[in-house]
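# A closer look at the structure
One-letter residues, chain by chain:
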Amino acid sequence: MRYIRTNEISAEMDGKEVKIGGWLQESRNLGGISFGIIRDRYGTVQVTVRKKESPDLAKIIGEANRESVLIVTGRVSKSDKTPRGFEIIPNSIVIDSSAQSPLPLGVVDRVSAELDTRLNNRFIDLRKENVERIFEVKSEMLFATRSYLRSIGFIEVQTPKIAAVGAEGGATLFKLDYFGKTAYLAQSPQLYKQNLMGAGFDKVFEIAPAFRAEASDTVRHLAEFTSLDVEMSFIESSEDVMDVAQGITFESMKHLAEKCKPLLEKCGIEIELPKLPFRRISYSEAIELANSEGAKIRSGEDLGTEGEKALGTAVKSNWNEELYFITDFPTELKKATFYAMRKDDNPELTTYFDLDFRGQEIVSGGQREHRLDKLLAQMKENNLDPERFGFYIEAFKYGMPPHGGFGYGVERFVQKLLDLTNIREAILYPRDRLRLMP
Ligand code: 4AD
Ligand code: MG
């Protein structure tokens, strides 16, 4: 007999024989009856045993440890005493895999454990409905993103994660031994996605891990995160790129709001679709707005985490908006981003932007410098040796179109959308300075 999932059973199936597999969430003995609550990814069902009729089965249910995997076959029986309107009257119960006791972490405990304890026992933590559904939301977001990008002509690519050079500065590079040579884990597919523009793949995206040796412990940094990268050619300006970042965000939220109602109900959140187009705030305006909320940022200084938060508060209170672009980043602040195009009519400013969601950066991008002489000059300012960037620089010598793109932090988006305190909750097995297991 084939297994059936708990959500596929209903009171209308009264009398039908079914086979279910799941975890024993709890069991109880009430005088003449014993019952167990069996849980799978979709929910729970109650298995009820009358001791007189089936003393052996009552014994199994009564003795099985919580969270053991049970396989139950039995008859669906209508009942007005159970939340779902039916129960399963078993004719067989097998403890297929017994759970040890005590559990390292409770699944249905009311008190929530420390994040560290939860992460140390992540496989049990993930059994919790409110934790599991974070990953359903993430999966739906990526599904909507792929559909949207494909619908506007993008192809999905895969680029190497072991690389000879970094693109986002030396401080956050993970170094490794590559057959006796030094290699690095990719901080971003930046150099490769630009290389593909030279190859004529005019619209590409990649959804893959990116690695940053972030030494500081914050609620918004991971050492390994999911980067959704986009690159596109023959753009007029960074506005074309911003449209795509906005499109991904809007289409993901729309998909969740319209196609995933039961999931959002389970998450206890409502999604209000953002107004289009997202507001554009220049970097200098952003500082003024942040300062109006008590930040003390001087002109030309980095907004920083606190500045971003204050800006989020200001945008919310002025316009009741939560998604907004910060544009016209000063060249001085983006110097290390050697591939960023500066404005031809004002080289003090770049074409670079961030997209912020509720006071936190979720996307960075802009137009790239595709003119070889200017690119080489910007590398020189950063003391980067173009020779080391061989393949990257070569592509600019043989026909490179105007192009731009961005990196979109998938966990950052999920964190903000679901209002999670810590980004570690938005990734199955977080990596940070202290954590390499599980
Ligand atoms: O702002 P970042 O560093 O930009 C780049 O990687 C560029 N190559 C993008 C481009 O195409 N020009 O990273 C992009 C996004 C950030 O906005 C953030 O959402 C996410 O990636 N991100 C991180 N998320 C979690 N943990 C970290 N340590 C992250 N670092 C960046
Ligand atoms: Mg950034």
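Each remark here, short or long, concerns the structure printed above.
Residues numbered from 1 in each chain as written. Chains lettered and ligands numbered in written order. Predicted model: local features only at pLDDT ≥ 70, side-chain atom pairs only at ≥ 80, totals over all residues. Heavy atoms only, no water.

## Points about the packing of aromatic side chains
As enumerated under the stated definition, the model contains 14 aromatic pairs in all. With centroids separated by 4.9 Å and ring planes inclined at 45°, the aromatic side chains of tyrosine 283 and phenylalanine 329 adopt a geometry described as tilted. You can see tyrosine 283 sitting in helix α8 (residues 283-292) and its partner phenylalanine 329 sitting in the loop between β13 (323-327) and β14 (342-343), a full 46 residues away along the chain. Taken as a pair, tyrosine 283 and phenylalanine 329 share a single burial class, namely buried. When the ring of tyrosine 408 is compared with that of phenylalanine 413, the centres are 6.1 Å apart and the planes differ by 65°; the resulting orientation is edge-to-face. According to the relative accessible area criterion, phenylalanine 413 is buried, its value standing at 0%. (Phe/Tyr/Trp six-rings, centres within 6.5 Å; stacked < 30°, edge-to-face > 60°. Helix = DSSP H or I, 4+ residues; strand = E, 2+ residues; numbered from the N terminus. Buried < 20%, exposed > 50% of the residue type's maximum accessible area, 1.4 Å probe, protein only.)

## Quick notes on the site of ligand 1
Residues in contact with ligand 1 amount to 24 residues; listed here are only the nearest, Glu168, Gln190, Glu361, Ile362 and Arg368. Here an oxygen atom of ligand 1 sits 3.1 Å away from a polar atom, N or O, in the side chain of lysine 193. Tyrosine 352 is positioned such that a nitrogen or oxygen atom in its side chain is 3.5 Å from a nitrogen atom of ligand 1. If ligand 1 stood free it would expose 620 Å²; the protein chains cover 93% of that surface. Taken together, the elements giving at least two residues each to the shell around ligand 1 come down to α5 (190-198), β17 (360-367) and β18 (403-409). By residue number, the principal contributor to the shell around ligand 1 is β17, which donates five residues. For the shell around ligand 1, the residue count by class is eight nonpolar, eight polar and eight charged. (Near = heavy atom within 4 Å. Polar contact = N/O pair within 3.5 Å; in protein donor to acceptor, adjacent residues only side chain to side chain. Areas by Shrake-Rupley, 256 points an atom, 1.4 Å probe, with all protein chains shown as cover. Nonpolar A, V, L, I, M, F, W, Y, C, P; charged D, E, K, R; others polar.)

## Some points on the pairing of strand β1 (residues 17-30)
Sheet topology places β1 next to strand β4 (residues 69-78); seven bridges connect them, and they run antiparallel. Bridge assignment links glutamate 17 to a residue of β4, and that residue is arginine 75. Bridge analysis of β1 against strand β2 (residues 33-40) gives seven bridges, and the strand direction is antiparallel. Paired with asparagine 29 across the strands is serine 34, a residue of β2. Linking β1 to β2, which pair antiparallel, is a turn of two residues; within it glycine 31 sits at a positive phi near 55°. (Pairing = 2+ DSSP bridges.)

## Some remarks on the packing of α8 against helix α9 (residues 304-319)
Closest axis-to-axis distance for the α8/α9 pair is 7 Å, and the angle between their directions is 85°. Our classification of the angle between α8 and α9 gives roughly perpendicular. Residues Ala286, Leu289, Ala290 and Ser292 of α8 form the contact with α9, whose own contacting residues are Gly307, Ala310, Leu311, Ala314, Asn318 and Trp319. Of the residues that constitute the contact of α8 with α9, the class distribution is seven nonpolar, three polar and no charged. (Axes fitted to C-alpha atoms, helices over the stretch in contact; angles between N-to-C directions. Parallel < 35°, antiparallel > 145°, perpendicular 65-115°, else oblique. Contact = heavy atoms within 4.5 Å.)

## Looking at the pairing of strand β8 (residues 175-178)
As judged from the four bridges shared by β8 and strand β9 (residues 181-185), these two strands associate in the antiparallel manner. Paired with leucine 176 across the two strands is alanine 183, which belongs to β9.

## Let's talk about the sheet that holds strand β10 (residues 203-211)
By way of backbone hydrogen bonds, the strands of a sheet pair with one another, either parallel or antiparallel. Spatial ordering of the open sheet is given by β6-β10-β11-β18-β17-β16-β13-β12, a layout of eight strands whose pairing is mixed. Only two strands of the sheet have a single partner each, and these edge strands are β6 (155-156) and β12 (279-282). As paired strands, β17 and β18 are joined by five bridges and run antiparallel to one another. Bridge assignment links glycine 365 to a residue of β18, and that residue is phenylalanine 406. Running at roughly 20° to strand β11 (residues 224-233), α5 makes contact with β10, β11 and β18 of the sheet.

## Details of a nonpolar patch on the surface
On the surface, Ile162, Tyr178 and Phe179 cluster together to form a nonpolar patch covering roughly 370 Å² of accessible area. Structurally, tyrosine 178 is set in strand β8. (Patch = residues over 30% accessible without salt bridge, like charges linked within 9 Å, V, L, I, M, F, W, Y side chains within 5 Å. Salt bridge = Lys/Arg side-chain N within 4 Å of Asp/Glu carboxyl O.)

## Here's the deal with the pattern of salt bridges
Applying the stated criterion across every chain, the model contains 35 salt bridges. Measuring nitrogen to oxygen at the nearest pair gives 3.1 Å for the salt bridge that ties glutamate 308 to arginine 220. Pair noted here: glutamate 308 is in helix α9 and arginine 220 is in the loop between β10 and β11, with a separation of 88 residues, a long-range link. Between aspartate 344 and arginine 371 there is a salt bridge whose closest N-O contact spans 3.1 Å.

## Quick notes on helix α12 (residues 410-417)
Within α12, eight of the eight residues are buried, leaving the element largely enclosed by the surrounding structure. Along α12, the residues classified as buried are Val410, Glu411, Arg412, Phe413, Val414, Gln415, Lys416 and Leu417. Packing partners of the buried residues in α12 comprise α4 (129-151), β11, α6 (238-259), β16 (353-357), β17 and β18. Immediately downstream of α12, the backbone of aspartate 419 shows phi near 55°, a positive value.

## Some thoughts on the coordination of the magnesium ion (ligand 2)
Note on the magnesium ion (ligand 2): its protein donors are Glu361 (OE) and Ser364 (OG). The metal-donor distances range over 2.2 to 2.3 Å. On the accessibility criterion, glutamate 361 (22% relative accessible area) is partly exposed. In this structure serine 364 comes out as partly exposed when scored by relative accessible area, which is 22%. (Donors = N, O, S within 2.8 Å, 3.2 Å for Na, K, Ca; no water.)

## Side note on the environment of arginine 127
Within the fold, arginine 127 resides in the loop between α3 (122-125) and α4. Residues arginine 127 and aspartate 240, 113 residues apart in the sequence, show an inter-C-alpha distance of 42 Å. Contacts of arginine 127, omitting those with residues within four sequence positions, involve Trp23, Arg39, Glu67 and Val107. Of note is the side chain of arginine 127, whose polar atom sits 2.8 Å from the side chain of glutamate 67.

## Focus: α9
Compared with the 22 Å implied by 1.5 Å per residue over 16 residues, the 22 Å span of α9 between its first and last C-alpha is a close match. When we look at burial in α9, the residues that qualify are Gly307, Glu308, Ala310, Leu311, Gly312, Ala314 and Val315. On the buried face of α9, the contacting elements are β12, α8, β13, β16 and β17. Where α9 ends, the next residue or the one after it, asparagine 320, has phi of about 55°, a positive value. (Expected span 1.5 Å × (residues − 1).)

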